[in-house]
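Listed below, chain by chain, are the residues.
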Amino acid sequence: MQPPPRKVKLTQELKLCLTEQVAKLQSKHQQESELLEDIRNFIKQRAAIEKEYGQALQRLALQYLKKDIQRLKGENDNRSIYAVSKMIIESTNAAGQARVTASENFRNLGVEIVKTVRVKGAKT
């Protein structure tokens, strides 16, 4: 025959349950904080790569634009190969500038989103 089950005080059982819940919440909070940090690092690295790529496009375009300016003196026809090449190079330069601007905006937006989420998470 087995002994009768022991009666556990209700307060002890409740305390144990609350301790387990707090531990789970702390673990979840730690995981979410680590994920936010990973997201922030990803955004920074991606923005840096995009910015570097945009700047490289601009350097390339400016290098060829300097060459074409010398050739285009006296060329007024928009259909000439020189005018077309100049438009391509100028478009590349503009695309490079757009990438640099977009990367800076992406980085700023990403940092702000992470800050907002972190603040909201701290309040709850």
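Residues numbered from 1 in each chain as written. Predicted model: local features only at pLDDT ≥ 70, side-chain atom pairs only at ≥ 80, totals over all residues. Heavy atoms only, no water.

### A look at the side chain of Gln 58
Counting through the fold element by element, Gln 58 comes out in helix H1 (residues 10–72). Of the residues examined, Gln 58 reaches a relative accessible area of 16% and is grouped as buried. Engagement of the side chain of Gln 58 in a polar contact is seen with the side chain of Gln 97, the distance being 2.7 Å. Excluding its chain neighbours within four sequence positions, the residues that come into contact with Gln 58 are Asn 93, Gly 96, Gln 97 and Val 100. (Helix = DSSP H or I, 4+ residues; strand = E, 2+ residues; numbered from the N terminus. Buried < 20%, exposed > 50% of the residue type's maximum accessible area, 1.4 Å probe, protein only. Polar contact = N/O pair within 3.5 Å; in protein donor to acceptor, adjacent residues only side chain to side chain. Contact = heavy atoms within 4.5 Å.)

### Some words on the environment of Leu 65
With respect to the helices and strands, Leu 65 occurs in helix H1. The buried category is assigned to Leu 65, whose relative accessible area is 15%. Along the backbone, Leu 65 and Ser 85 are 20 residues apart, and their C-alpha atoms lie at a distance of 8.9 Å. Ignoring sequence-local partners within four residues, the contact set of Leu 65 consists of Lys 86, Ile 89 and Glu 90.

### What to know about the pattern of salt bridges
This model, assessed by the stated rule, comprises 5 salt bridges. We note a salt bridge from Glu 90 to Lys 86, for which the minimum N-O separation is 3.8 Å. One end of the pair, Glu 90, and the other, Lys 86, are both in helix H2 (residues 81–123), 4 residues apart, so they sit about a helical turn from each other. (Salt bridge = Lys/Arg side-chain N within 4 Å of Asp/Glu carboxyl O.)

### Section: a nonpolar patch on the surface
A contiguous nonpolar patch, built from Ile 81, Tyr 82, Val 84, Met 87 and Ile 88 and spanning about 470 Å² of accessible area, is present on the exposed surface. Summarising the element assignment, Val 84 is placed in helix H2. (Patch = residues over 30% accessible without salt bridge, like charges linked within 9 Å, V, L, I, M, F, W, Y side chains within 5 Å. Areas by Shrake-Rupley, 256 points an atom, 1.4 Å probe, with all protein chains shown as cover.)

### So, the side chain of Ser 103
Its location among the elements puts Ser 103 in helix H2. Ignoring any residue separated from it by four or fewer positions in sequence, one finds Ser 103 in contact with Ala 47, Glu 50 and Lys 51.

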